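Topology and contacts: notes
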Amino acid sequence: MASAITLARAGRREHPSLVGVLSARFFRPRTGSFGRWFPPGRADNVGTGREGTMASKRVENTALGVGTIRAMESHEPPEQRLFDDQVAEGFLTGVTASLVRHGSLRRVFRRLVEAAAPGIYGSVVCRTHLIDDACTRFPQVVIVGAGMDTRPYRLRAMSAPTPVWEIDLPAVQTAKMSAVHRTLGTLPANVRYVPADLAESSLSELLPDAGFDASTAALLICEAVLQYLPAQAADSLFAFAGGLPAGSRLIFTYLPEEVLRAPRHARRVRHFHWQTGFDPARLPDLLTAHGLTLTADLGRAEFESHCLAPRSRRLPVAELERIAIAEVGPPTS
């Protein structure tokens, strides 16, 4: 196993040292966050010109940060790990890839993650596991704000011939396609990449031109996206999902409204440009108005009971994003 000194020397062209990677690029103890790499979700995805370019880069970096956590989880013992995501590790390059591969560095990095953003590691891996479980086979799949999501490349439910549409900012998709090609050697024929900013375009405008069949049931995934959209854009997404054929499913994560209002979260709200949250108590009625029935609303308690307790595993879990699962159509008795 290479030593930290060897890895630091190998990474000098990219960063001054491995310590520099951990401290300067990732770790911002004064802000109480893991810098641009490890917010609870995505970065701001609104804007054009120079602002849009910077926002795209933040989204790309955030997606890679979540991917790093998923790659780290795949190195846990089989009886402990919540999922196996070898593709996520394949997306990583340079010092970050070396860090994930080597156990001693990985353990140090985990401690830094917890020190900077308590519970973020547990939150990311639990939500990944729960969303994976909800991804059963559908005739077609749409992933909104796909970032570096690896589900189309590792889940049987999204394997060919099932068509999958990934939607994200153009710069993010360019980086994603490069990573997929580098890791898999080709771009899967069943995955279509739709560059778009959902603050400016709606799914009903984008997907028909990309070959999506609105008359066929679909699975929609919207992970760590809604808080970065204006309320009107989030409402448009719910309306699109509710207009799909009966049996379609929407999986999304969301911030409770209380998070946006709480003084203890004010710095995060400003830093990550969070815009939209929902009251869990009113969420069922909101979805019903769009033709959707809420079937699950999962928070920290469920993360712990469904994911960690069965494995006798203890992980701090941040109480921020929740997972909601909704079906098109009235409740079934």
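For the structure itself, consult the block above.
This report concerns the structure included in the present document.

Thresholds, definitions, all that
- Residues numbered from 1 in each chain as written.
- Predicted model: local features only at pLDDT ≥ 70, side-chain atom pairs only at ≥ 80, totals over all residues.
- Heavy atoms only, no water.
- Helix = DSSP H or I, 4+ residues; strand = E, 2+ residues; numbered from the N terminus.
- Contact = heavy atoms within 4.5 Å.
- Areas by Shrake-Rupley, 256 points an atom, 1.4 Å probe, with all protein chains shown as cover.
- 1 Å grid on protein atoms, 1.4 Å probe; cavity = no way out; pocket = protein on both sides within 12 Å on 5 of 7 lines; lining within 4 Å.
- Points joined across faces, edges and corners; volume = space filled by probe spheres on them.
- Nonpolar A, V, L, I, M, F, W, Y, C, P; charged D, E, K, R; others polar.
- Buried < 20%, exposed > 50% of the residue type's maximum accessible area, 1.4 Å probe, protein only.
- Pairing = 2+ DSSP bridges.
- Right-handed = clockwise from strand over helix to strand, strands pointing away.
- Axes fitted to C-alpha atoms, helices over the stretch in contact; angles between N-to-C directions.

What follows concerns the overall build of the chain. Within the chain, the regular secondary structure consists of 15 helices and 7 strands. Taking the contacts inside the chain whose residues are at least 6 apart along the sequence as the reference set, 72% of them involve residues at least 24 apart. As presented, the chain carries roughly 14300 Å² of accessible surface, and 54% of it is formed by carbon and sulfur atoms.

Within this model, the second largest pocket holds a volume of roughly 150 Å³. Residues of the lining of the second largest pocket, tallied by class, amount to 7 nonpolar, 4 polar and 1 charged.

As a further point, take the pairing of strand β2 (residues 164-168). Counting buried positions along β2 yields 5 of 5 residues, so the element is predominantly enclosed. In β2, alternate side chains face the same way, and those of Val164, Glu166 and Asp168 on one face and Trp165 and Ile167 on the other are all buried. Of the pairings in the sheet, the one linking β2 to strand β3 (residues 191-195) comprises 5 bridges and is parallel in character. Each residue of the ladder has a partner; that of Ile167, found in β3, is Val194. With respect to chirality, the unit in which β2 leads through helix α9 (residues 170-184) into the neighbouring parallel β3 is right-handed.

With respect to topology, 7 strands assemble into an open sheet ordered β3-β2-β1-β4-β5-β7-β6, the strand pairing being mixed. The open sheet terminates on both sides in strands that have one partner only, identified here as β3 and β6 (292-298). Recorded for the sheet is a direction-independent mean angle of 15° between the axes of neighbouring strands. Summarising the sheet, β6 and strand β7 (residues 322-328) pair through 6 bridges and their orientation is antiparallel. Opposite Leu294, over in β7, you have Ala326 as the bridge partner. Docked against the sheet, helix α11 (residues 231-242) engages β1 (141-144), β4 (219-222), β5 (249-254), β6 and β7, running at close to 160° with respect to β5.

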